[in-house]
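What follows is the residue order along each chain.
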Amino acid sequence: MQSDHTPRIFSRGSFIVHHYSTIGSTSDALKAIPDAPEFLCIVADEQTAGRGRRTRSWHSSPGDGLYLSVLFRPDAGSEKITLLSLLAAVAVAETLSELGLQRIDVKWPNDVMCGDRKICGILVEGASSGSGDMRLIVGIGINLNHHGFPDDLVSTATSFLIETGRNVPVDEVRDRLLDRLQIWYGRWCAGKWSGILDRWRELSSYAKGKRVIVTLDDSLINGETAGLTDSGALIVKTDSGELRTILAGEVSSLREEAR
Ligand code: BTN
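Computed from a predicted structure; not experimentally measured.

### Some remarks on the overall build of the protein chain
And step 1. When you go through the protein chain residue by residue, the secondary structure sums to six helices and 13 strands.
And step 2. The C-alpha radius of gyration computed for the protein chain amounts to 18 Å, which stays within 12% of the reference 18 Å derived for 259 residues, consistent with globular compactness.
And step 3. In terms of its C-alpha atoms, the protein chain occupies a principal-axis envelope of roughly 55 × 45 × 35 Å.
And step 4. For the protein chain, buried positions account for 51% of its 259 residues.
And step 5. Carbon and sulfur atoms make up 48% of the accessible area of the protein chain, which amounts to about 11500 Å² in all.
And step 6. Both charge centroids of the protein chain, one from 29 positive and one from 34 negative side chains, sit 4 Å from each other.

### A look at the domain arrangement of the protein chain
And step 1. Its domain assignment divides the protein chain into domain 1 (8–203) and domain 2 (208–258).
And step 2. If you average the C-alpha positions of domain 1 and of domain 2, the two centres end up 24 Å apart.
And step 3. Carbon and sulfur atoms make up 48% of the surface buried where domain 1 meets domain 2, a total of about 1300 Å² over both sides.
And step 4. Taken together, the links from domain 1 to domain 2 amount to two salt bridges.
And step 5. Between Glu250 and Arg56 there is a salt bridge whose closest N-O contact spans 3.3 Å.
And step 6. Contributing elements (two or more residues each) for the side of domain 1 that touches domain 2: α2 (81–98), β5 (104–107) and α5 (193–203).
And step 7. When its residues are assigned to classes, the side of domain 1 that touches domain 2 shows six nonpolar, one polar and eight charged.

### Quick notes on the packing of α2 against α5
And step 1. Where α2 contacts α5, the two axes come as close as 9 Å, and the packing angle between them is 50°. Regarding the angle of α2 to α5, the classification is oblique. Judged by the twist between their axes, the crossing of α2 over α5 is left-handed. Facing Leu83, Leu86, Leu87, Val90, Ala93 and Glu94 of α2, the residues of α5 in contact are Trp193, Ile196, Leu197, Arg199, Trp200 and Leu203.
And step 2. Tallied by class, the residues present in the contact of α2 with α5 amount to 10 nonpolar, no polar and two charged.

### Some thoughts on the site of the ligand
And step 1. Near the ligand lie 19 residues; those nearest to it are Ser25, Gln47, Arg51, Arg53 and Lys118.
And step 2. Side-chain polar atom of Thr26 to a nitrogen atom of the ligand: 3.1 Å apart, as the coordinates give it.
And step 3. Between an oxygen atom of the ligand and a main-chain N or O atom of Arg53, the distance comes to 2.7 Å.
And step 4. About the coverage of the ligand: the protein hides 99% of its 410 Å² of free accessible area.
And step 5. Comparing atom positions with the cavity grids shows the ligand to sit within the largest pocket.
And step 6. Secondary-structure elements contributing two or more residues to the shell around the ligand are α1 (26–31), β4 (65–72), β7 (117–126) and β8 (136–143).
And step 7. The biggest single contributor to the shell around the ligand is β7, with four residues.
And step 8. The residue inventory of the shell around the ligand, partitioned by class, reads five nonpolar, 10 polar and four charged.

### So, unusual backbone geometry
And step 1. Cis rather than trans, the peptide bond between Trp108 and Pro109 has omega equal to -5°.
And step 2. Mapped onto the fold, Pro109 is located in the loop between β5 and β6 (111–114).
And step 3. In this structure, Phe39 is a non-glycine residue whose phi angle is positive, near 75°.
And step 4. Tracing the sequence through the fold places Phe39 in the loop between α1 and β3 (40–47).
And step 5. The exposure class assigned to Phe39 is buried, which follows from its relative accessible area of 17%.

### Points about the pattern of salt bridges
And step 1. Applying the stated rule across the entire model yields 21 salt bridges.
And step 2. Between Glu125 and Lys31 there is a salt bridge; the shortest N-O distance is 3.4 Å. Of this pair, Glu125 sits in strand β7 while Lys31 sits in helix α1, and the two are 94 residues apart along the sequence.
And step 3. By relative accessible area, Lys31 is classed as partly exposed at 33%.

Calculation notes
- Residues numbered from 1 in each chain as written.
- Predicted model: local features only at pLDDT ≥ 70, side-chain atom pairs only at ≥ 80, totals over all residues.
- Heavy atoms only, no water.
- Helix = DSSP H or I, 4+ residues; strand = E, 2+ residues; numbered from the N terminus.
- Rg over C-alpha atoms; globule rule 2.2 N^0.38 Å.
- Buried < 20%, exposed > 50% of the residue type's maximum accessible area, 1.4 Å probe, protein only.
- Areas by Shrake-Rupley, 256 points an atom, 1.4 Å probe, with all protein chains shown as cover.
- Lys, Arg positive; Asp, Glu negative; His and termini not counted.
- Charge placed at Lys NZ, Arg CZ, Asp CG, Glu CD.
- Domains from an automatic or database assignment.
- Buried area = accessible area lost by both parts, 1.4 Å probe.
- Salt bridge = Lys/Arg side-chain N within 4 Å of Asp/Glu carboxyl O.
- Nonpolar A, V, L, I, M, F, W, Y, C, P; charged D, E, K, R; others polar.
- Axes fitted to C-alpha atoms, helices over the stretch in contact; angles between N-to-C directions.
- Parallel < 35°, antiparallel > 145°, perpendicular 65-115°, else oblique.
- Left-handed = near helix turned anticlockwise from the far one by under 90°.
- Contact = heavy atoms within 4.5 Å.
- Near = heavy atom within 4 Å.
- Polar contact = N/O pair within 3.5 Å; in protein donor to acceptor, adjacent residues only side chain to side chain.
- 1 Å grid on protein atoms, 1.4 Å probe; cavity = no way out; pocket = protein on both sides within 12 Å on 5 of 7 lines; lining within 4 Å.
- Sits in = over half its atoms within 2 Å of the grid points.

Below, the structure written as structure tokens:
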């Protein structure tokens, strides 16, 4: 793990925050602490090895974005993990909305979009623990004060600055997001799963009636979204009329796919 070794440590609600100026990946750093307590949060001004889903990297230029990972140790079955992933997106979407961002959309399960461009990515990973209890690391990257992006991202990514013409203090977004995560995680722990699903549906154009292509490990599905299951899986009605339940996969709207 590459880091500057001297985090600034402070608390925000239930979270103990370790703030580094530079680090390899906030999620890898959290994973490397085997006995990390619940609500430990690692945040960095810059990541030199930021990771996205499916072995992609996460563009983490210094000071431009929020790069943060938190550890949850929930006492719930693994079938509820997708809901945790949805709640993280709800927390981000509400945070950005509160700061004045418009046209927010949530793409299943947890990409936060502005229109059809991605402004935030979320990576939920399990980590092993000596005691065998569940440890989940939720890594969140939000594009805030980026003026632009490298060529490979320029047509698909956006930032708060590009969308609003305003810079936003990264620390303010961090604090607001942690507050939202605490509220929604409290609801998740209390078993208020339908509230999470309802809020996700309100924030997402992908919940129902959206033409999508789903990329699975070995196939593609073309169809239209037809709701979520109680555990947060996406239901897609394929063009041949079959209802498929998507537990994991990459969903793109047909418009995105056409680019
Ligand atoms: C995605 O591919 O959409 C997920 C991106 C997740 C990026 C965040 S940034 C903070 C945390 N540390 C990482 O290395 N990745 C996640």
